[in-house]
Amino acid sequence: MQIWIMIICFLIGILIIPLVRKFAFFINAVDEPRERHIHTKITPTLGGLAIFLAFTVGMLLLAVDKSDFLPVYIGAVIIVATGFIDDIIELSPRWKLVGQISAALCVVLWGQITIEFINIPFMGPLYFGVWAIPITLIWIVAIVNALNLIDGLDGLAGGVSIIALLTIAGMALLLQDVFVAPVAFMLIACILAFLVYNFPPATIFMGDTGSLFLGYMIAVLSLMGFKNVTFISILVPLIILGVPLSDTFFAIIRRLKARTPISMADRSHIHHRLMALGFSQRQTVLLIYCMAILFSITGFVFSFSTTWGAVILLILLAFCIEIIVEFIGLIGENYRPILNILSKIRRKRP
């Protein structure tokens, strides 16, 4: 990929973010401090708009065949518009979901990017048939919402997105994909420009405009990048996005257990729990970065493992996730089945 395009995207982002910040104040697209928020002052959102605009310029300059990318870009426009409206008037979860599904439909029906089948170890291929479209839609919407939910601290969603995109780009290079890798690197440059203004203490948030857009792009690029859809390869992007997806999964479990609506916000996400343990905002962000890096490294190793090696790695990963969940109280402070067992074993030792 031409490095100069990444530099241009970065510089455009640096230059237009102050303008977007003023625009956000002008149209009252601001985030006011609330009970469950970490920040203590009114902060403009719409930082994601600057990321999207810089990305658009980069796509125009990118010297590759972009004809198949038009459905993806139109879907991106829809998802950005959804986030933009939400940052101004705060859409209901139902209408946000409508926007997400509409964007995903552009990719699936128009772009014809779907998960048609997976090869299951020891069993062979499993074809989804008519279920390919809904499964792909669920895939995209799930990743979009996962990144949206983790956007709770300065620099968090942007940094996690960069780590995921670096991993996707690296694996795309190994697979000699001449499109996914440069697009991912270009998007990374746009996010880096945003992080200059967003890393603690932030002067602008990406808002739903940014978190929905980045989640959407990561979901689509992962589908485009892993064309050999085996059981292992389809798990790789899930592992790469292990932090936001785990946070989302356990948030659903937590709310079902408490019998509260799944869409209801709370202060028990992974960043909230780490801060409750005494970590500062900056330390929490860096800790989650480290978790994301470990997930990404695991994804790399997982993709090149044998079938048995992948199964063992998956079991170890699931065990580690469970220990972390229990330790920080992601489901609840009293949920500690494995830690309680380990504690009993330790007490029984002579």
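Here, every reference points to the structure presented above.
Described in the following lines is the structure provided in the data block. (Residues numbered from 1 in each chain as written. Predicted model: local features only at pLDDT ≥ 70, side-chain atom pairs only at ≥ 80, totals over all residues. Heavy atoms only, no water.)

1. Quick word on the overall build of the chain
Secondary structure assignment for the chain yields 14 helices and four strands. By the compact-globule yardstick of 20 Å for 350 residues, the chain fits well, its C-alpha radius of gyration being 20 Å. For the chain, the C-alpha atoms occupy an extent of roughly 65 × 50 × 35 Å along the three principal directions. Here the chain holds 350 residues, and 51% of them are scored as buried. Taking as baseline every contact in the chain between residues at least 6 positions apart, the subset at least 24 positions apart corresponds to 71%. Carbon and sulfur atoms make up 70% of the accessible area of the chain, which totals about 16800 Å². Here the chain contributes 22 positively and 18 negatively charged side chains, and the mean placements of these two sets differ by 11 Å. (Helix = DSSP H or I, 4+ residues; strand = E, 2+ residues; numbered from the N terminus. Rg over C-alpha atoms; globule rule 2.2 N^0.38 Å. Buried < 20%, exposed > 50% of the residue type's maximum accessible area, 1.4 Å probe, protein only. Contact = heavy atoms within 4.5 Å. Areas by Shrake-Rupley, 256 points an atom, 1.4 Å probe, with all protein chains shown as cover. Lys, Arg positive; Asp, Glu negative; His and termini not counted. Charge placed at Lys NZ, Arg CZ, Asp CG, Glu CD.)

2. Focus on the nonpolar core
Grouped together as the largest cluster of nonpolar side chains are 99 residues, with contacts concentrated most on Phe55, Ile140, Phe213, Tyr216 and Met217. Looking at this core, the element that brings in the most residues is helix 7 (residues 180-198), giving 12 residues. The residues contacting Ile140, other than those within four sequence positions of it, are Ala104, Val107, Val108, Tyr216, Ala219 and Leu223. (Core = buried A, V, L, I, M, F, W, Y, C linked by side-chain atoms within 4.5 Å.)

3. A closer look at helix 13 (residues 307-328)
The terminal C-alpha atoms of helix 13, which comprises 22 residues, lie 32 Å apart, in line with the 32 Å expected from a rise of 1.5 Å per residue. Taken together, the buried positions of helix 13 are Ala310, Leu317, Ile321, Glu322, Val325, Glu326 and Ile328. Immediately beyond the C-terminal end of helix 13, within one or two residues, lies Gly329, with a positive phi of roughly 75°. (Expected span 1.5 Å × (residues − 1).)

4. A look at the pattern of salt bridges
Side chains that differ in sign of charge can pair as their charged atoms come close. Within the structure shown, the criterion is met by two salt bridges. We note a salt bridge from Asp86 to Lys96, for which the minimum N-O separation is 3.8 Å. Residue Asp86 is located in helix 3 (residues 70-89), and its partner Lys96 is located in helix 4 (residues 93-110); the two are separated by 10 residues in the primary sequence. Of the charged contacts, one joins Asp208 and Lys96 as a salt bridge, the two residues approaching to 2.7 Å between their closest N and O atoms. You can see Asp208 sitting in helix 8 (residues 207-225) and its partner Lys96 sitting in helix 4, a full 112 residues away along the chain. Classification of Lys96 as buried rests on a relative accessible area of 14%. Salt bridges linked by common partners bring Asp86, Lys96 and Asp208 together as one network. (Salt bridge = Lys/Arg side-chain N within 4 Å of Asp/Glu carboxyl O.)

5. Structural notes on unusual backbone geometry
One non-glycine residue, Leu46, adopts positive backbone phi at about 70°. You can see Leu46 is positioned in the loop between strand 2 (43-44) and helix 2 (47-61). Given a relative accessible area of 0%, Leu46 falls into the buried group. At Gln112, a residue that is not glycine, the phi angle is positive and equals roughly 55°.

6. A short note on a nonpolar patch on the surface
Residues Leu97, Ile101, Leu105, Leu109 and Ile133 make up a contiguous nonpolar surface patch of about 370 Å² in total accessible area. For the nonpolar patch, the element with the most residues is helix 4, which contributes four residues. Positionally, Ile133 belongs in helix 5 (residues 132-150). (Patch = residues over 30% accessible without salt bridge, like charges linked within 9 Å, V, L, I, M, F, W, Y side chains within 5 Å.)

7. Looking at helix 6 (residues 156-174)
A rise of 1.5 Å per residue sets the reference length of helix 6, with its 19 residues, at 27 Å; its end C-alpha atoms lie 28 Å apart and thus fit the reference within 8%. Extensive coverage of helix 6 is indicated by the burial of 16 of its 19 residues. Looking one or two residues beyond helix 6, the residue adopting positive phi is Gln176, at roughly 60°.

8. A word on the packing of aromatic side chains
Here the structure, examined in full by the defined rule, presents eight aromatic pairs. Between Phe55 and Phe213, the aromatic rings sit 5.7 Å apart at their centres with planes inclined by 65°, giving edge-to-face as the arrangement. Of this pair, Phe55 sits in helix 2 while Phe213 sits in helix 8, and the two are 158 residues apart along the sequence. Owing to a relative accessible area of 0%, Phe55 belongs among the buried residues under this scheme. Counting every residue linked through ring pairs, the aromatic cluster contains Phe52, Phe55, Phe69, Tyr73, Phe179 and Phe213. (Phe/Tyr/Trp six-rings, centres within 6.5 Å; stacked < 30°, edge-to-face > 60°.)

9. A closer look at the packing of helix 5 against helix 10 (residues 242-257)
Look at helix 5 against helix 10: their axes get within 8 Å of each other, and the N-to-C directions meet at 90°. Our classification of the angle between helix 5 and helix 10 gives roughly perpendicular. Along its contact with helix 5, which presents Ala142, Ile143, Asn145, Ala146, Leu147, Leu149 and Ile150, the element helix 10 presents Val243, Pro244, Leu245, Asp247 and Thr248. In the contact of helix 5 with helix 10, the residues fall into nine nonpolar, two polar and one charged. (Axes fitted to C-alpha atoms, helices over the stretch in contact; angles between N-to-C directions. Parallel < 35°, antiparallel > 145°, perpendicular 65-115°, else oblique. Nonpolar A, V, L, I, M, F, W, Y, C, P; charged D, E, K, R; others polar.)

10. Some thoughts on the packing of helix 4 against helix 5
Where helix 4 meets helix 5, the closest approach of the two axes is 9 Å, and the angle between their N-to-C directions is 130°. Relative to helix 5, the element helix 4 lies oblique. In this structure, helix 4 crosses over helix 5, and the sense of that crossing is right-handed. Here Lys96, Leu97, Gln100, Ile101, Ala104, Leu105, Val107, Val108 and Leu109 of helix 4 come into contact with helix 5, specifically with Ile133, Thr136, Leu137, Ile140, Val141, Val144, Asn145 and Asn148. Class assignment for the residues of the contact of helix 4 with helix 5 results in 12 nonpolar, four polar and one charged. (Left-handed = near helix turned anticlockwise from the far one by under 90°.)

Everything listed here is a matter of geometry and, on its own, says nothing about what the molecule does.
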